[in-house]
There are 2 protein chains.
Amino acid sequence: MIDKFSEFEIIRRHFVPLSSGARGAENLKDDVSILDISPNSVPVVSVDTMVGGIHFFLDDPPAHLAKKLLRVNLSDLISSGAKPVGYFLSISLPEGVGNQWITDFADGLKSEQDLQKILLYGGDTTSTPGPISLSITAFGEVPSKLIVRRSSARLGDFVYVTGTIGAASVGLYLIKKLGMKVAMENASFAVSRYREPPLLLDVAKLLRGRANAAIDISDGLLADAGHICSASEVAMEIDFNSLPLSPEMHLMLENQPKLKNIIPSGGDDYEILFCASEENGQNITEDCKTIGIEVSKIGRVIPGQCEVKIVDGDGKRMLFETMGWEHF
Amino acid sequence: MIDKFSEFEIIRRHFVPLSSGARGAENLKDDVSILDISPNSVPVVSVDTMVGGIHFFLDDPPAHLAKKLLRVNLSDLISSGAKPVGYFLSISLPEGVGNQWITDFADGLKSEQDLQKILLYGGDTTSTPGPISLSITAFGEVPSKLIVRRSSARLGDFVYVTGTIGAASVGLYLIKKLGMKVAMENASFAVSRYREPPLLLDVAKLLRGRANAAIDISDGLLADAGHICSASEVAMEIDFNSLPLSPEMHLMLENQPKLKNIIPSGGDDYEILFCASEENGQNITEDCKTIGIEVSKIGRVIPGQCEVKIVDGDGKRMLFETMGWEHF
């Protein structure tokens, strides 16, 4: 159980160094921080909570967990066109969690902070009789007129997605079925994709003023495309054969065609799905290519009732067993 | 266990109404919200997490809990001179929590929102195998030069505190010793003070530009005064006889003098302790009086090593058994 003394000690030793250079964070000696936002930008905020046993495995290495926690949360900001600036961390720790775990976790945060050029601005450290619980409030900045919302997809827009999809959910499926060790030996690419979401920081500014709507794929392609449809009051038609898969994924599907079902409905890809006019979509695609990120055109925004249709090569509708996120 | 479907349903039914009118929150249909901050102000943020069994009793009525959660968090903003604007709620619910609990909790949030003129801007709703866990990220605005920090107490400042102190920790002590029902029958004033922190919204603007440092008393008067001393690199001398107690508390102390020990070290008062020059302190005191809030002068900022001395009427140092916050 963490009493106040060890709370302050944990903050001083592990978290204060993560806030070094954060203007307005007062070295975490105040419970209130000023968000450091550029003039002419507005502050945008996103909250994500990960609970042990629900959103991650209790034996996940803490540094991996830290990286995933930050990437998962920042991908919301990035898909809105915002530049991440910093984050607040609320961490609840059960009795058994020792100093080594916290050290490794803080090291993971530090590596990821450096990559993403963000800093820790505050938070809360408590004990819990439950499992480890981690909640991040991430903030960023975007010129107010250029924020990319879910609610403004337009009829006739094309639908695009960054990177490749499906592997993360196959990874999770295999970990649950075979255990981490065997899953890693058999399909390390999929397990790694589950544990390490892509870093898409530089995509944010390419979306600004050009994408009409965007979302990060966390609940699954079908479900998240559905969130855009629901917020924008449109429908989408997505061509299954256009969905970008990695070479390893193609190989795996040849051997186990049933895994195909997972691709559109499994989550944890953390790629960005966006809607744009053909011209803007083309420009975003080309600019992404110059920074090493592939973009695929996968469908269209059509009139309809918040529905996402997945069609095969002949335009025939395909049905999938599950829609989106499944908890453990 | 909450799956994504019921997560969306809980948000739609209980939380979307709480965000009605929140510009930039998109009816909670986006994972990113714009903070609605006035021009010439800066956004300030505070995070507080309450875990069932640690920070509250598992059978606490949910509406009380909601009120306490918001007051506890906003008191950080208020003591920094900020006007609260809105909040994000991360809520993790165990399997047994039913619809009635969530309804009562949301009703409690609504009442408190209306009092404090704040709105819900976003958050995350998850399941947990542990106890209920609630994390609030509250934000507000303050003209940047007028923020009141912990780190700028000055030598020669006087130390002031709003309202009365001690009753909340006596309430908590009695609840733990006697159970909620008997404690309520014997000392309802103390139990109520524990369960319902004061509402000090209008104090924020009275502190701006006049208090040199301020903090809300959550960990206990001694501990929180110590936080100012540590951040400001000063010491304080506090006169025990000046500490403001309610009439009920005076009566109780006559019968049970040992409870005196709890007063400076017990927490949960959520009054505001501040440091100011005598002239500014006098002005704040008078202005607080016009809005029905008593302020007491209780001590001085003196040179020293981050130490808080409590002295009796003869200037003799008094020692207390515990320093600040105790977990359950």
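Residues numbered from 1 in each chain as written. Chains lettered and ligands numbered in written order. Predicted model: local features only at pLDDT ≥ 70, side-chain atom pairs only at ≥ 80, totals over all residues. Heavy atoms only, no water.

S.K.: Any chance you could break down the interface of chain A and chain B for me, citing the residues and the numbers?
M.R.: Counting residues at the interface gives 53 residues for chain A, matched by 53 residues for chain B. With both chains or domains summed, chain A and chain B bury close to 4500 Å², and 58% of this area falls on carbon and sulfur atoms. Three residues stand out in chain A for area buried against chain B, namely D31(A), V32(A) and R149(A), and they jointly supply 14% of the buried area on that side. Inspection of the region where chain A meets chain B yields eight salt bridges. Across the pair E26(B) and R149(A) runs a salt bridge, and its minimum N-O distance is 3.6 Å. (Contact = heavy atoms within 4.5 Å. Buried area = accessible area lost by both parts, 1.4 Å probe. Salt bridge = Lys/Arg side-chain N within 4 Å of Asp/Glu carboxyl O.)

S.K.: For the relation of the copies chain A and chain B, give the residues involved together with the corresponding values.
M.R.: When chain A is fitted onto chain B, the two copies agree to an RMSD of 0.0 Å after a turn of 180° and an axial shift of 0.0 Å. Look at the turn and shift together and you get a two-fold axis relating the two. The C-alpha atom lying nearest the rotation axis in chain A is that of G130(A); the distance is 2.0 Å. Both copies contact each other with a shared surface, as 100% of the interface residues of chain A are interface residues in chain B too. (Least-squares fit on C-alpha atoms with pLDDT ≥ 70 in both.)

S.K.: Just give me the short version of the sheet that holds strand β7 (residues 213-216) of chain B, but keep the residues and values in it.
M.R.: Residue and element names in this part refer to chain B. With mixed pairing, seven strands are arranged side by side in an open sheet as β7-β9-β6-β10-β8-β11-β12. At either end of the open sheet lies a strand with only one pairing partner, and these are β7 and β12 (317-318). Inspection of the sheet shows strand β8 (residues 235-239) paired to strand β10 (residues 295-302) by four bridges, in the antiparallel sense. Within the sheet, the bridge partner assigned to I238 lies in β10 and is G299. The sheet strands contacting helix α2 (residues 62-79) are β7 and β9 (272-276), and the helix crosses β7 at an angle near 175°. The strands that helix α11 (residues 278-290) touches are β6 (158-162), β9 and β10; relative to β6, the one it contacts most, it runs at about 15°. (Pairing = 2+ DSSP bridges. Helix = DSSP H or I, 4+ residues; strand = E, 2+ residues; numbered from the N terminus. Axes fitted to C-alpha atoms, helices over the stretch in contact; angles between N-to-C directions.)

S.K.: If you had to explain the sheet that holds strand β5 (residues 133-143) of chain B to someone new, which residues and values would you point to?
M.R.: Spatially, five strands are ordered β1(A)-β2(B)-β5(B)-β3(B)-β4(B) in an open sheet, and the strand pairing comes out mixed. Lying at the two open borders of the sheet, with one neighbouring strand each, are β1 (33-34) of chain A together with β4 (119-127) of chain B. Packing of α2(B) onto the sheet brings it into contact with β2 (41-51), β3 (83-93) and β5 of chain B, and relative to β2(B) it is tilted by some 140°. Across the sheet, helix α3 (residues 99-116) of chain B lies against β3, β4 and β5 of chain B, angled at about 170° from β3(B), the strand it touches most.

S.K.: Quick rundown of the pairing of β7(B)? Include the residues and the values.
M.R.: Residue and element names in this part refer to chain B. Burial along β7 is two-sided: A213 and I215 facing one way and A214 and D216 facing the other are all buried. Looking at chain direction, β7 and β9 are connected through four bridges and run antiparallel. Bridged to A214 within β9 is F274. (Buried < 20%, exposed > 50% of the residue type's maximum accessible area, 1.4 Å probe, protein only.)

S.K.: Describe the domain arrangement of chain A, listing the residues and the values that go with them.
M.R.: All names here are of chain A. Segmenting chain A into domains produces domain 1 (4-146) and domain 2 (158-318). Inter-centroid distance (C-alpha atoms) of domain 1 to domain 2 is 26 Å. Contacts between domain 1 and domain 2 engage 24 residues on the former and 22 residues on the latter. Of the roughly 2000 Å² buried at the junction of domain 1 and domain 2 (both faces included), carbon and sulfur atoms supply 60%. Residue K67 pairs with E196 through a salt bridge whose shortest N-O separation is 3.3 Å. The tally of links from domain 1 across to domain 2 stands at six residue pairs in polar contact (both at pLDDT 80 or more). Counting residues per element, the ones that place at least two in the side of domain 1 that touches domain 2 are α2 (62-79), β3 (83-93), α3 (99-116) and β5 (133-143). (Domains from an automatic or database assignment. Polar contact = N/O pair within 3.5 Å; in protein donor to acceptor, adjacent residues only side chain to side chain.)

S.K.: Can you tell me about the side chain of D269(B), naming the residues and giving the values?
M.R.: Summarising the element assignment, D269(B) is placed in the loop between α10 (262-265) and β9. Buried within the structure, D269(B) lacks any salt-bridge partner; R193(B) is the closest side chain of opposite charge, at an N-O distance of 4.3 Å. (Lys, Arg positive; Asp, Glu negative; His and termini not counted.)

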